[in-house]
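Okay, here's what each chain looks like letter by letter:
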Amino acid sequence: SGFVIFLTIQRTQTLTDFAVSRFARLYPVFWASAGVTLLFQLWNPVDIGTTEPLFVLMNLTMLAGFVTKAFIDPAYWSLGFELMFYFIIAILFRARLLQPSRFVPVMATGLIGATLFAAVCSLVGWAFPIMPRQLTVPYTQLFIAGMVFFKLHQGERDWRLYALLAGCLAAHWTMLFNPGDHINLVSCLVVTASFGTFGLFLAGRLKFLAVKPLLTLGAWSYSLYLVHQVVGFSVMERLYTSGLVEHTVVAIAAALAVSLLLSWQLTIHIEQPAARAIKRWYRSRKAARSISGLNRQIQP
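A quick note: this is a predicted structure, and the numbers were derived from the prediction, not measured. (Residues numbered from 1 in each chain as written. Predicted model: local features only at pLDDT ≥ 70, side-chain atom pairs only at ≥ 80, totals over all residues. Heavy atoms only, no water.)

Engineer: Please explain the overall build of the chain as it appears in this structure.
Structural biologist: A count of helical and extended segments in the chain gives 11 helices and 0 strands. Scanning the chain from its N terminus toward the C terminus, one meets helices and strands in the order α-α-α-α-α-α-α-α-α-α-α. Taking the principal axes of the C-alpha coordinates as reference, the chain spans close to 75 × 60 × 45 Å. Within the chain, the proportion of its 300 residues that are buried is 39%. A total of about 17,100 Å² of accessible surface is found on the chain, and carbon and sulfur atoms cover 68% of it. Taken as two groups, the 23 positive and 11 negative side-chain charges of the chain have centres that lie 18 Å from each other. (Helix = DSSP H or I, 4+ residues; strand = E, 2+ residues; numbered from the N terminus. Buried < 20%, exposed > 50% of the residue type's maximum accessible area, 1.4 Å probe, protein only. Areas by Shrake-Rupley, 256 points an atom, 1.4 Å probe, with all protein chains shown as cover. Lys, Arg positive; Asp, Glu negative; His and termini not counted. Charge placed at Lys NZ, Arg CZ, Asp CG, Glu CD.)

Engineer: I would appreciate a short explanation of empty space enclosed by the protein in the present structure.
Structural biologist: Sizing a probe to match a water molecule and rolling it over the atoms shows the empty space that remains. Under the counting rule described, the total for this entry stands at 1 cavity of 30 Å³ or more. Approximately 60 Å³ is the volume found for the largest cavity. Grouping the amino acids of the lining of the largest cavity by side-chain chemistry returns 8 nonpolar, 3 polar and no charged. (1 Å grid on protein atoms, 1.4 Å probe; cavity = no way out; pocket = protein on both sides within 12 Å on 5 of 7 lines; lining within 4 Å. Points joined across faces, edges and corners; volume = space filled by probe spheres on them. Nonpolar A, V, L, I, M, F, W, Y, C, P; charged D, E, K, R; others polar.)

Engineer: Is there a simple way to explain the packing of aromatic side chains in this structure?
Structural biologist: For any pair of aromatic rings, the description rests on two quantities: the centre-to-centre distance and the angle between the ring planes. Summed over the entire model, instances satisfying the criterion amount to 21 aromatic pairs. Geometrically, the ring pair formed by Trp 77 and Tyr 139 is tilted, given 5.9 Å between the ring centres and 45 degrees between the ring planes. Note that Trp 77 is positioned in the loop between α3 (53-59) and α4 (79-94) and Tyr 139 in the loop between α6 (130-134) and α7 (140-153), a separation of 62 residues in sequence. Centroid distance Phe 81 to Tyr 139: 5.0 Å. Interplanar angle 80 degrees. Geometry classified as edge-to-face. Of this pair, Phe 81 sits in helix α4 while Tyr 139 sits in the loop between α6 and α7, and the two are 58 residues apart along the sequence. Judged by relative accessible area, Phe 81 falls into the buried class, the value being 5%. (Phe/Tyr/Trp six-rings, centres within 6.5 Å; stacked < 30°, edge-to-face > 60°.)

Engineer: When you look at the confidence of the model for the chain in this model, what are you seeing that I'm missing?
Structural biologist: Should pLDDT be low for a region, the predicted coordinates there are not to be read in detail. The share of residues in the chain with pLDDT of 70 or more is 95%, and the mean pLDDT across the chain is 90. Confidence, expressed as mean pLDDT per element, reaches its minimum in the chain at α6 with 71 and its maximum at α7 with 96. (pLDDT = per-residue confidence, 0-100.)

Engineer: Sorry, what's going on with a positive patch on the surface here?
Structural biologist: Together, Arg 11, Arg 276, Lys 279, Arg 280 and Arg 283 make up a positively charged patch on the protein surface. By secondary structure assignment, the location of Arg 280 is in helix α11 (residues 248-298). (Patch = residues over 30% accessible without salt bridge, like charges linked within 9 Å, V, L, I, M, F, W, Y side chains within 5 Å. Salt bridge = Lys/Arg side-chain N within 4 Å of Asp/Glu carboxyl O.)

Engineer: Sorry if this is basic, but what is going on with the pattern of salt bridges here?
Structural biologist: Pairs may arise between side chains of opposite charge once their charged atoms sit close together. This structure, assessed with the given rule, holds 4 salt bridges. Residue Glu 271 pairs with Arg 25 through a salt bridge whose shortest N-O separation is 2.7 Å. With Glu 271 in helix α11 and Arg 25 in helix α2 (residues 15-43), this residue pair connects regions lying 246 residues apart in the sequence. For Glu 271, a relative accessible area of 8% translates into the label buried. Since its relative accessible area comes to 31%, Arg 25 is described here as partly exposed.

Engineer: I'm lost on the environment of Leu 26 in this one. Help?
Structural biologist: Positionally, Leu 26 belongs in helix α2. The class for Leu 26 is buried, based on a relative accessible area of 7%. Ignoring anything within four residues of it in the chain, the contact list for Leu 26 reads Met 62, Leu 83, Tyr 86 and Tyr 222. (Contact = heavy atoms within 4.5 Å.)

Engineer: Help me understand the environment of Ile 270, please; the structure alone is not making it clear to me.
Structural biologist: Assignment of secondary structure puts Ile 270 in helix α11. Classification of Ile 270 by relative accessible area gives partly exposed; the value is 30%. As a C-alpha pair, Ile 270 and Phe 149 span 121 residues in sequence and 31 Å in three-dimensional space. Other than its neighbours up to four places away in sequence, Ile 270 contacts Pro 28, Val 29, Ala 32, Gln 265 and Ala 275.

Engineer: Would you explain the layout of surface pockets in this entry?
Structural biologist: Looking at the largest pocket, its volume works out to about 1,300 Å³. Along its surface, the largest pocket is lined by 33 residues, and Ser 1, Gly 2, Val 4, Glu 82 and Tyr 86 are the ones closest to its centre. Mapped by element, the contributors of at least two residues to the lining of the largest pocket are α1 (2-9), α2, α4, α7, α9 (182-202) and α10 (212-241). No other element matches the 6 residues that α1 contributes to the lining of the largest pocket.

Structure representation (structure tokens):
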């Protein structure tokens, strides 16, 4: 998310441009995917997702994580963090704090602040409170690292960017590392490997991955993320309970096939057309307003 956000920022002139772009990208296919997930819950209920009407409505805003952990699909937990990241980026963009001369000091300040807050929570035994969690505090270092990697990808070679990148990795280990917690250790190792993978990408060593099947999966990835979990468990459980499948590998393969099929259809019939339509509508309105404003200026 940190890496690709600058692709949007580079095409953005106003906050409205930014908001429309993000809405068009995220919400239409999210609503469609939530509907598909609920249908699978009706077909074969699984206890990992909510169908309570109030929680469903809250989920459709993507803001349910502010007040509850009851998600239509547990995978939706990250969407609140994503929205808050966009909100913070919008503020920084409006304040012109993402300009090259200000980027490193601003991001270093955010990284230090998030790390210190995590340290205080650890010392006093707090879990992250709801609001600071949604301010991306546990993931600030990852969002910033993505943005730094983008800067390096664009050819910027300021030593401070490398220092900031090292600080992001150190912050992740500082926030999560606990010798007695194997899950957090795995997280630290996976994130370190991810940093290394980005490094290989910047060095041009991963071009062999740019093949059509993987690029296609990349295009489907958001839809796949939105439908894979509840749908997958629902398919596997139905296959088991009906006696059609006895082997786990077969059940997993079936769940994967259904998830991929759904993500493909959601991408080509909902995500891409809706995004194009919304952006086309926005451009036409923007052009009409510009013409109207110009006419008012030239009228005597």
